[in-house]
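# Structural characterization, general
Read off the chains here:
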Amino acid sequence: MEVDNNYWMKQAIKLAQFSHFDGEVPVGCVIVCENKLVSYGYNQTNIRRNGTRHAEIEAISWINNEYNKLKTSVSHQKTKGIQWISPENAQVLYSDNSSSESAIEQFIQQKTQRKGLKFVEPTELKSLLKKYCFISGDKHLCESTLSGQTDSSTQILSSSIKILPLSHFFQECCLYVTCEPCIMCAAALSIVGINSVIYGCSNDRFGGCGSILSIHSGKYGLGYRSFSVERGLMEKEAIDTFRTFYSRGNPNAPVPHRPVVHREEMVLYCDNFAFFIMCLFEISKILFSLDF
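Residues numbered from 1 in each chain as written. Predicted model: local features only at pLDDT ≥ 70, side-chain atom pairs only at ≥ 80, totals over all residues. Heavy atoms only, no water.

The next point concerns the overall build of the protein. Counting secondary structure elements, the protein contains ten helices and seven strands. Taking all 292 residues of the protein together, 41% fall into the buried category. Long-range pairs, those at least 24 residues apart, make up 69% of the contacts in the protein with a sequence separation of at least 6. With the model as given, the accessible surface of the protein reaches about 16,300 Å², and the carbon-plus-sulfur share is 55%. (Helix = DSSP H or I, 4+ residues; strand = E, 2+ residues; numbered from the N terminus. Buried < 20%, exposed > 50% of the residue type's maximum accessible area, 1.4 Å probe, protein only. Contact = heavy atoms within 4.5 Å. Areas by Shrake-Rupley, 256 points an atom, 1.4 Å probe, with all protein chains shown as cover.)

On average, residues of the protein score 77 in pLDDT, and 65% of them are at 70 or above. In the model, residues 150-157 has pLDDT below 50 throughout and makes nine contacts with residues more than four positions away in sequence or in other chains. (pLDDT = per-residue confidence, 0-100.)

With 40 residues, the main nonpolar core has Ile-63 and Phe-169 as its most contacted residues. Listed by contribution, the elements that provide at least two residues to this core are β1 (28-33), α2 (55-75), α4 (124-133), α7 (167-170), β5 (173-179), α8 (183-192), β6 (196-201) and α9 (235-248). Broken down by element, this core gets its largest block of residues, seven residues, from α2. Ranked by size, the runner-up nonpolar core spans 21 residues in total, among them Phe-18, Val-30, Tyr-40 and Ala-103. (Core = buried A, V, L, I, M, F, W, Y, C linked by side-chain atoms within 4.5 Å.)

Here the focus is the sheet that holds β1. Strands sit in the order β2-β1-β5-β6-β7 across an open sheet of five strands; the sheet is mixed. Whereas interior strands pair on both sides, the edge strands pair on one side only; in this sheet they are β2 (36-42) and β7 (228-230). Taken over all neighbouring pairs, the strand axes of this sheet differ in orientation by 20 degrees on average, direction set aside. Taken together, the five bridges between β1 and β5 define a ladder with antiparallel strand orientation. When the bridges of β5 are listed, Val-30 appears paired with Tyr-176. Each of β5 and β6 touches α9; the most contacted strand, β6, lies at about 60 degrees to it. (Pairing = 2+ DSSP bridges. Axes fitted to C-alpha atoms, helices over the stretch in contact; angles between N-to-C directions.)

Take the pairing of β6 next. With six of its six residues buried, β6 lies for the most part within the structure. Between the parallel pair β5 and β6, the chain is carried across by α8, and the sense of this crossover is right-handed. Strand direction decides the pairing type here: β6 and β7, joined by three bridges, are parallel. Across the sheet, residue Ser-196 finds its bridge partner in β7, namely Ser-228. (Right-handed = clockwise from strand over helix to strand, strands pointing away.)

As a further point, take α4. Within an α-helix, residues lying three or four positions from one another point in the same direction, as the helix has 3.6 residues per turn. Of all the ten residues making up α4, nine are buried; the element is thus mostly covered by neighbouring parts of the structure. All of the buried residues in α4 are Glu-124, Leu-125, Ser-127, Leu-128, Leu-129, Lys-130, Lys-131, Tyr-132 and Cys-133.

On inspection of all chains with the given rule, the structure shows five aromatic pairs. A centroid spacing of 4.9 Å and a plane angle of 75 degrees characterise the contact between Tyr-7 and Trp-8, whose relative ring orientation is edge-to-face. A relative accessible area of 26% means that Tyr-7 is categorised as partly exposed. Under the relative-accessibility criterion, Trp-8 is labelled buried at 2%. (Phe/Tyr/Trp six-rings, centres within 6.5 Å; stacked < 30°, edge-to-face > 60°.)

Along the chain, Val-74 turns up in helix α2. As a C-alpha pair, Val-74 and Phe-134 span 60 residues in sequence and 8.9 Å in three-dimensional space.

Pasting the structure below:
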């Protein structure tokens, strides 16, 4: 299946443009698996009062939350042990052909109408998580168990469901993000095992995918996995979102540590500094002329 990278980056830019609603720095992202939307996010550091809640972390968190819910529903019906198998034996449990962008549209609509910040789950997320992380030899019984049914036949055979690490799912995913992930987000993407990252503009101050560090190389220690990186997709559009945001001013920016110095004050400062240097020079001549 051919993937339209421009289409998915447009969805990420749409989220970035919308983020000004909360006064956030405009960075948006989407996570795609098998050309289907499975998660998305934008910066929420201000609204959550948490400096780590970047767009990528938000998108990863929603997937992790859904995975844990499914894992809990299976674990409650298991009597003992979890067996691990390779992803090659995975089976498709079911599929949903709903519109990929409907979740983003609903999310933006409810936020615009001030109905809160409830995540609208993409309809494909559960089915793809089940495909790659919850495997059973019996498709019907696996579906029944994961849907919460608790009849005796399902309970008996629920132990045949194999729960794989979430990394097996992320290995099939691509992240589209408007700006190069920072070092923190690149490390998180490496640890969860993302397959690839495509971003718009570079992050020259904090970039973790080549600009400052190359976390995507996977050479930073145990637990870090490598992932491919594509740079510069719709770069101009991504930069424009930043220009629009900063042209309006950032209401959540911290107070500058040093006040802005006006030209007249700078001239006075330079004159005083020059006078200080001259005095220091004269004092040094007097000191070196003395006999200690």
